[in-house]
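Here is what each chain is made of, one letter per residue.
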Amino acid sequence: MARMVCVLGMIFVHVPDGFTESPNYSFDAGGLGFFLEGLLVEGPGRASAALLSVISGYLAVFALIRSNGSVASLYRRRFKSIVLPMVFWGGVTYLVYLLVSQTRPTFINDAVSLLDTLNIIFFITEMPVGATMHLGFLRDLFVCILLTPLLLVLVRRIPWVLLTLLGLFYVFEHDQAAVIILRPLVLFAFTIGMTLAVKNVSLERWDRYCPLFIVLSAAATAAILLVNGGAAAPVVNFFASYGLAFDETVLYPIGRLCGSLAIWTYLPVFMGGSFQRWVQHYSSYLFAAFCSHYLMLTILFFAVWLPLFGDRQSPFFIIWFLAAPLVSMGIAVVIVQMALKVLPPMATLLTGGRVNAPKKPFIDVARRRAQGVA
């Protein structure tokens, strides 16, 4: 359930709007719809990547245990479930934008070298800003998986030293200069998840503080919107004088912490209800929705929505924005179901093994063999 909420929340950050630059959300810009966008993007949208990384780290510990300590087995399974889909969807997106770039400039026109082009799909040294950028999260997640055996040793021996160092690394490193991990947030949050698992921390212990976390998350989001609108300019300039971004160094870490706790502790409200049943039914399509959402939403936006309703300046844009996560899920379901009918192994690739082709009943196999003999 947490994974579903996180991925749907992350999609809010990537909704195409017909403009090349990301909007600057603040209290004094736009109307009610724009304000609602800002709350979702700067609140649960930004917190979702952190919480999803924590969950991945938590589950990585048990995945290693299930592998009976076989690191090679863990690496092999995660390569198939993370890297192969990342490369596939990145390659498809690149080809689509390569065709589009023949008629109009796209983000791939900024790739001036072979390494720049490879980074669009493989994220070797950086995450280029563009249609594949969200897939870079998978690259860093796989690196965390590769580091799991080392992290597990350190978490068991010096957890607080490790978390402190990774926390500082996250807060003060934002320019992708550390090639091993392009987004230090992923490694930091992943290690937090591992620590929770190793220390056998009760994940329900914070539930009673849910109202407090929601208030803190709302306050952190409001602070981000205020600073985006020009508040605390002297403080922002002070951080900038030292080469630091005030939002990345202070505001976003606080917002992600409070937002993650608010999301996690609120989820028990949905346990046993229709939302949980919906999650159980569609969770196997979630990974495909994450990988494909930006490409599919962009195609749908420029082919259908923009000609009919216009871009961000349209009063109907908020409908498109709010519907984007569910639309992405719907498209993913259609794509995977079509793959199952046309080329079943493709469905396995698209979803990283989360949807597999149905096995042929034994009786059908026996019948065909008998017919072949006859």
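Residues numbered from 1 in each chain as written. Predicted model: local features only at pLDDT ≥ 70, side-chain atom pairs only at ≥ 80, totals over all residues. Heavy atoms only, no water.

## A closer look at the overall build of the protein
In step 1: Across its full length, the protein carries 15 helices and zero strands.
In step 2: For 374 residues, the compact-globule formula gives about 21 Å, and the C-alpha radius of gyration of the protein, at 22 Å, lands near that figure.
In step 3: The dimensions of the protein, computed from C-alpha atoms along their principal axes, are 85 × 60 × 50 Å.
In step 4: Side-chain charges of the protein comprise 25 positive and 17 negative groups, with the mean position of each set lying 21 Å from the other. (Helix = DSSP H or I, 4+ residues; strand = E, 2+ residues; numbered from the N terminus. Rg over C-alpha atoms; globule rule 2.2 N^0.38 Å. Lys, Arg positive; Asp, Glu negative; His and termini not counted. Charge placed at Lys NZ, Arg CZ, Asp CG, Glu CD.)

## As for the side chain of Glu173
In step 1: Here Glu173 lies in the loop between helix 6 (159-172) and helix 7 (184-198).
In step 2: One buried charged residue, Glu173, remains without a salt bridge, the closest side chain of opposite sign being Arg183 at 12 Å.
In step 3: Residues within four places of Glu173 in sequence aside, it is in contact with Ala178 and Pro184. (Buried < 20%, exposed > 50% of the residue type's maximum accessible area, 1.4 Å probe, protein only. Salt bridge = Lys/Arg side-chain N within 4 Å of Asp/Glu carboxyl O. Contact = heavy atoms within 4.5 Å.)

## Details of the nonpolar core
Buried together is how nonpolar side chains tend to be arranged in soluble globular proteins.
In step 1: The biggest cluster of nonpolar side chains holds 83 residues, and the ones touching the most others in it are Leu138, Phe190 and Phe321.
In step 2: The biggest single contributor to this core is helix 2 (residues 32-66), with 13 residues.
In step 3: Once residues within four sequence positions are removed from consideration, Phe190 is found in contact with Ser53, Val54, Ser56, Gly57, Ala60, Leu141, Cys144, Ile145, Thr148 and Leu151.
In step 4: Core analysis: the second largest hydrophobic core is formed by ten residues, Tyr97, Ile121, Met296 and Ile331 among them. (Core = buried A, V, L, I, M, F, W, Y, C linked by side-chain atoms within 4.5 Å.)

## Describing unusual backbone geometry
In step 1: Even without being glycine, Phe123 reaches a positive phi, approximately 55°.
In step 2: Of note in this structure, Asn200 is not a glycine but carries a positive phi near 55°.
In step 3: The class of Asn200 is exposed, set by a relative accessible area of 66%.

## Describing helix 4 (residues 114-122)
In step 1: Every buried residue of helix 4 is accounted for by Asp116, Asn119, Ile120 and Ile121.
In step 2: Residues of helix 4 that are buried in the fold lie against helix 3 (71-100).
In step 3: At the exit of helix 4 stands Phe123, carrying a positive phi of roughly 55°.

## Structural notes on the packing of helix 3 against helix 12 (residues 286-309)
In step 1: Contact pair helix 3 / helix 12: the axes reach a minimum separation of 10 Å and the direction vectors enclose 5°. When the axis of helix 3 is compared with that of helix 12, the two are roughly parallel. Residues Ser81, Ile82, Pro85, Trp89, Val92, Thr93, Val96 and Tyr97 of helix 3 touch helix 12, and the partners they reach there are Phe287, Ala288, Cys291, Ser292, Tyr294, Leu295 and Thr298.
In step 2: Looking at the contact of helix 3 with helix 12, its residues break down into eleven nonpolar, four polar and no charged. (Axes fitted to C-alpha atoms, helices over the stretch in contact; angles between N-to-C directions. Parallel < 35°, antiparallel > 145°, perpendicular 65-115°, else oblique. Nonpolar A, V, L, I, M, F, W, Y, C, P; charged D, E, K, R; others polar.)

## As for the pattern of salt bridges
In step 1: Tallied over the entire structure, the rule returns five salt bridges.
In step 2: The salt bridge partner of Arg46 is Glu42, with a shortest N-O separation of 2.5 Å. You can see Arg46 and its partner Glu42 sitting in helix 2, four residues apart, about one turn around the helix.
In step 3: Overall, Glu42 belongs to the buried group, its relative accessible area being 5%.
In step 4: Among the salt bridges present, the one from Arg139 reaches Asp140, with a minimum N-O distance of 2.9 Å.
In step 5: Within the structure, one salt-bridge network assembled from shared partners comprises Asp17, Glu37 and Arg312.

## Let's talk about a nonpolar patch on the surface
In step 1: On the surface, Val304, Leu308, Phe309, Phe316 and Ile319 cluster together into a nonpolar patch covering about 480 Å² of accessible area.
In step 2: Considering each element in turn, the nonpolar patch owes the most residues, three residues, to helix 12.
In step 3: With respect to the helices and strands, the residue Phe309 is situated in helix 12. (Patch = residues over 30% accessible without salt bridge, like charges linked within 9 Å, V, L, I, M, F, W, Y side chains within 5 Å. Areas by Shrake-Rupley, 256 points an atom, 1.4 Å probe, with all protein chains shown as cover.)

## A word on the packing of helix 5 (residues 136-157) against helix 7
In step 1: Between helix 5 and helix 7, the least distance of the axes is 9 Å, while the angle of their chain directions is 45°. Taken as axis vectors, helix 5 and helix 7 run oblique relative to one another. Like other packed secondary-structure pairs, helix 5 and helix 7 cross with a definite hand, here right-handed. Between helix 5 and helix 7, the contacting residues are Phe137, Asp140, Leu141, Cys144, Ile145, Leu147, Thr148, Leu151, Leu152, Val155 and Arg156 on the first element and Val186, Leu187, Phe190, Thr191, Met194, Thr195 and Val198 on the second.
In step 2: The residue makeup of the contact of helix 5 with helix 7, split by class, is 13 nonpolar, three polar and two charged. (Left-handed = near helix turned anticlockwise from the far one by under 90°.)

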